[in-house]
Amino acid sequence: MDLTYTEEERDFRARLREWLGKTLPELPAKPSPDDWPARRAHDLGWQRRLYDAGYAGLHWPVDAGGRGATPTQHLIFLEETERAGAPYVGANFVGLLHAGPTIAAEGTAEQRARWLPPVLRGDEVWCQGFSEPGAGSDLAALRTRAVRDGDAYVVTGSKIWTSHAEIADWCELLVRTDPAAPKHKGISWLAMPMDAPGVTVRPLRTLAGSAEFAEVFLDEVRIPVANRVGAQDDGWRVTMVTLSFERGTAFVGEVVACRRTLTALARAAKANGRWDDPVLRRTLGRLYGEFGALWRLTQWNVSEAQRSDGVPGAGGSVFKLAYSHARQELYEAAADVLGADSLALEEEWVLDRLSSLSYTIAAGTSQIQRNIVAERILGLPKGR
């Protein structure tokens, strides 16, 4: 992994900084966290600006509509947009970071042409229909059934923690197409239109008070066979591609945000007298080192993905495991620095603190990540 910058990469950073400096002051105010239609419009508007400026899908392959940028250019983009306080992917999260890359890697030419341009332009939002009420962390235990009927699948079942379902146009959906097969077999990956008859969405309110997740109920929903990505019953393999993106590269921008938060905490501690506490200083120093290491791991994972046709490897689980716990420690330190009274007044800190609690569960629990690291990286036998 080469960590030095070429002249071309330095020029890329300079042009991006100039564009951000001109563009960000023109953005409308950030909408209320509870106003999801407004949040969708805001996030899609930002995506359209990126698209018009040539920054959408920066690291996606050229034949998928991206710019085929180098891993270093991708990381420069993430660094500069985060440092400038630019909007993150928001409602575009699943389309840009999960479904889109999966379709780019596994979809047919027709599927790529249909679904990828609207994601990059900011025309359509995707949600993720993987988890189910009775499966917990055992994703392969899903029971949502899809029965082939001519040129369509008839799907019945339910999903939970369906990210952005209440405002989505499409859903990346896992279904069981062969109930007689072992649980990791007989699964297929479908693209489901959210306006199809038989789809019912019920938003779920989180600890932080937001409703970016939902229950989704499917009552004999007809989904064209042409919407299946990958072969029938090969959905578990396709799902591993999706999860490798979710765990390997989807959080990279947040590492930069956490490093910025850590710097702000150090300033706050010096301002309110907490900096005199040696235990707190050691905690912040250790977190500074951990997030620095996570950024280097991010660079390695992105470089590895570039060498393997854009698909991250099992190293993404190492990152996800370490990042989840480091983020929780960061906001525990924030509570220590700012104190209860300050946290009550600073809504953003409160929401980030509450959100951090979910990171050891979201995108695969820490227990699942440890199993992946043990089996796929360390070569240990599977647990019984």
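Owing to the predicted nature of the structure, the values given are computational and were not obtained by experimental measurement.

Undergrad: A description of the pattern of salt bridges should follow, citing residues and the corresponding values.
TA: Per the counting criterion, the structure on display carries 21 salt bridges. The shortest N-O distance in the salt bridge between Arg237 and Glu106 comes to 2.9 Å. Of the two residues, Arg237 sits in helix H6 (residues 235-248) while Glu106 sits in helix H4 (residues 93-106), which places them 131 residues apart along the sequence. Judged by its relative accessible area of 39%, Arg237 is partly exposed. Through salt bridges with shared partners, one network takes in Arg13, Arg17, Glu79, Glu80 and Arg83.

Undergrad: Quick one: what's the story with the packing of H4 against helix H5 (residues 109-121), residue by residue and with numbers?
TA: When two helices pack together, their arrangement is given by the angle between their axes and by how far apart the axes lie. It is the contact of H4 with H5, at a shortest axis distance of 10 Å, that shows an interaxial angle of 155°. Between H4 and H5, the angle falls in the class roughly antiparallel. Along this stretch, H4 crosses H5, giving a crossing that reads as left-handed. Across the interface between the two elements, Gly95, Leu96, Gly100, Ile103, Ala104 and Ala105 of H4 pack against Gln111, Arg112, Trp115, Leu116, Val119 and Leu120 of H5. Grouping the constituent residues of the contact of H4 with H5 by class yields eight nonpolar, three polar and one charged.

Undergrad: Describe the side chain of Glu79, and please don't skip the residues or the numbers.
TA: Tracing the sequence through the fold places Glu79 in helix H3 (residues 71-83). Assessed through its relative accessible area of 7%, Glu79 is described here as buried.

Undergrad: How would you explain the environment of Trp275 if you had to name every residue and give the values?
TA: Within the fold, Trp275 resides in the loop between helix H7 (252-272) and helix H8 (278-307). Take Trp275: its relative accessible area is 29%, and that puts it in the partly exposed class. A sequence separation of 62 residues divides Trp275 from Val337, and the C-alpha atoms of the two residues are 8.5 Å apart. Residues within four places of Trp275 in sequence aside, it is in contact with Ala266, Ala269, Lys270, Arg281 and Leu284.

Undergrad: Residue-level account of the packing of aromatic side chains, with values.
TA: Summed over the entire model, instances satisfying the criterion amount to eight aromatic pairs. Ring centres 5.2 Å apart and planes at 50° place the aromatic pair Trp19 and Tyr55 in the tilted group. Taken together, the residues Trp19 in helix H1 (residues 7-23) and Tyr55 in the loop between helix H2 (36-53) and H3 connect sequence positions 36 residues apart. Across the pair, exposure class does not vary: Trp19 and Tyr55 are buried alike. Taken together through their ring pairs, the aromatic side chains of Phe12, Trp19, Trp46, Tyr55 and Phe77 make up a single cluster. Sitting over the ring of Trp275, Lys270 keeps its end group 4.9 Å from the ring centre.

Undergrad: Give me the pairing of strand S2 (residues 145-149): which residues, what numbers.
TA: Examined bridge by bridge, S2 and strand S3 (residues 152-159) share five bridges and lie antiparallel to one another. The partner of Arg145 across the bridge, within S3, is Thr156. What sits between the antiparallel neighbours S2 and S3 is a turn of two residues, in which Gly150 has the positive phi angle 65°.

Undergrad: Go over the packing of H1 against H2, please, and point to the residues and values.
TA: Relative to each other, H1 and H2 sit at 135°, their axes nearing to 13 Å. Regarding the angle of H1 to H2, the classification is oblique. Pair H1 / H2 crosses with right-handed handedness. Between H1, through Trp19, Leu20 and Thr23, and H2, the contact on the second element is made entirely by Trp46, Arg49, Leu50 and Ala53. Of the residues that constitute the contact of H1 with H2, the class distribution is five nonpolar, one polar and one charged.

Thresholds applied
Residues numbered from 1 in each chain as written. Predicted model: local features only at pLDDT ≥ 70, side-chain atom pairs only at ≥ 80, totals over all residues. Heavy atoms only, no water. Salt bridge = Lys/Arg side-chain N within 4 Å of Asp/Glu carboxyl O. Helix = DSSP H or I, 4+ residues; strand = E, 2+ residues; numbered from the N terminus. Buried < 20%, exposed > 50% of the residue type's maximum accessible area, 1.4 Å probe, protein only. Axes fitted to C-alpha atoms, helices over the stretch in contact; angles between N-to-C directions. Parallel < 35°, antiparallel > 145°, perpendicular 65-115°, else oblique. Left-handed = near helix turned anticlockwise from the far one by under 90°. Contact = heavy atoms within 4.5 Å. Nonpolar A, V, L, I, M, F, W, Y, C, P; charged D, E, K, R; others polar. Phe/Tyr/Trp six-rings, centres within 6.5 Å; stacked < 30°, edge-to-face > 60°. Lys NZ or Arg CZ within 6 Å of the ring centre and 35° of its normal. Pairing = 2+ DSSP bridges.

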